[in-house]
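Coordinate analysis (summary)
Chain by chain, the residues run as shown.
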Amino acid sequence: MEINYPILGIDVSKATLDLCLLTGPDQRTPLRVANTATGYKRLWQWLQKQTTAPVTACLEATNVYSAGIALFLYQQGATVCLANPAAVHSYMGAELRRAKTDKADAISIAEFAGAMARKLRPWQPLPADYETLRDLVRHLHTLTRNRASIKNQLEKTHYLSSAAKQHILRSHKADLAHYDKQIRAVKKEIQATLKTSVPMTQRFERLTTPPGIGEITALTYMAEIPDVRQFPKGKHLTSFAGITPRIRHSGKRKPESQPISKMGSGRLRQALYMASLSAKQYNPSIALFAQRLQNEGKKPKVVNIAVGRKLLLQLYAIDKNHTTYDPNYHILHLASGTN
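Overview of the nonpolar core
One finds Leu133, Ile190, Tyr221, Met222, Leu311 and Leu312 to be the most contacted residues of the largest nonpolar core, which totals 46 residues. Breaking this core down by element, the ones donating at least two residues are helix H5 (128–157), helix H6 (165–195), helix H7 (198–207), helix H8 (215–224), helix H9 (234–241), helix H10 (266–282), helix H11 (284–295) and helix H12 (300–321). Per element, the largest residue contribution to this core is eight residues, and it comes from H5. Not counting residues up to four positions away in its chain, the partners in contact with leucine 312 are Tyr221, Leu237, Thr238, Ala241, Ile243, Leu268 and Leu272.

Below, the structure written as structure tokens:
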């Protein structure tokens, strides 16, 4: 996309928003407002006094703290871009910035938007049903991690010998029961959310057809990829998931093994890794693929990551073509969209 002035750079924190309005190459106007509805209104009133031209706002994707201001500006008609924090950090390093303050960061974000305009995409809010699904699935992952932590602590408690052992055991068992109850409740809410939308229900049913892809993997994929059309090719999706090799060649140094980039959705990457463990047993095409890699001497973790990438390409093909898993259909042909 092309970005013209004015450009609004926003540095987001939990309590405040630091802003920098660029109306020209060297024309900067700063402002700080609260990260609240009142602060948003004050910001918009200030913008209307500064310029009458359409504003392009750029801010880092900082989870929940940036959600409110991004939605507010979008509703006011501004073009909103959510930048990858790693990309902004790299830009600041290239500019040799020495100052690290909220005000300086707002300036850097605004200048980053101007310099990287061609690589930024306008942001749009999710449909209400997918926003609900995303938040529920992410909450489910949090509960699952917390439950696993409590379970590990419970197992360790059995090795205690002090008088506190029974009290700690009761406490951990109560926590474990609490998380079990919460997980069941969230899963029930997720199923209710799926039923509110026929297309969403049908998509979930298609995505669970490949052997080895369970409910959690399919839900995580849907929550993190609400619209597969934003990825023209399968390789774009694998890059988003961060399971593509991170190439590091220099001179004569060309390592045989390349780590994955881990740039993108960690939730999706983790779900695919766990799915790879069962897919190697129950998905015939995946099992053959994994066996071939093992015969080539690949390490188990490398095989699992490669299997996760293969699974993601299968999900991409199914999702893009609105079809179900067919073990007799060549998945690469399906993913190419030539069917």
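So, unusual backbone geometry
Positive phi, close to 50°, is recorded for histidine 322, a residue that is not glycine. Mapped onto the fold, histidine 322 is located in the loop between H12 and helix H13 (331–335).

A short note on the confidence of the model for the protein chain
Summing up the model confidence of the protein chain, the mean pLDDT is 88 and the portion of residues at 70 or higher is 90%. Mean pLDDT values over the elements of the protein chain span from 46, in H13, up to 97, in H6. A low-confidence stretch, residues 331–339 stays under pLDDT 50, and its non-local contacts, those more than four residues away or across chains, total 17 contacts.

A short note on the pattern of salt bridges
Following the criterion strictly, the structure yields 11 salt bridges and no others. The partner of arginine 203 in a salt bridge is aspartate 319, and the shortest N-O contact between them spans 2.7 Å. Note that arginine 203 is positioned in helix H7 and aspartate 319 in helix H12, a separation of 116 residues in sequence. One salt bridge connects glutamate 296 with arginine 292, and the closest N-O pair in it is separated by 3.2 Å. With relative accessibility at 47%, the residue glutamate 296 sits in the partly exposed group. Here arginine 292 falls in the partly exposed class, since its relative accessible area comes to 42%.

Cut-offs and rules
Residues numbered from 1 in each chain as written. Predicted model: local features only at pLDDT ≥ 70, side-chain atom pairs only at ≥ 80, totals over all residues. Heavy atoms only, no water. Core = buried A, V, L, I, M, F, W, Y, C linked by side-chain atoms within 4.5 Å. Buried < 20%, exposed > 50% of the residue type's maximum accessible area, 1.4 Å probe, protein only. Helix = DSSP H or I, 4+ residues; strand = E, 2+ residues; numbered from the N terminus. Contact = heavy atoms within 4.5 Å. pLDDT = per-residue confidence, 0-100. Salt bridge = Lys/Arg side-chain N within 4 Å of Asp/Glu carboxyl O.

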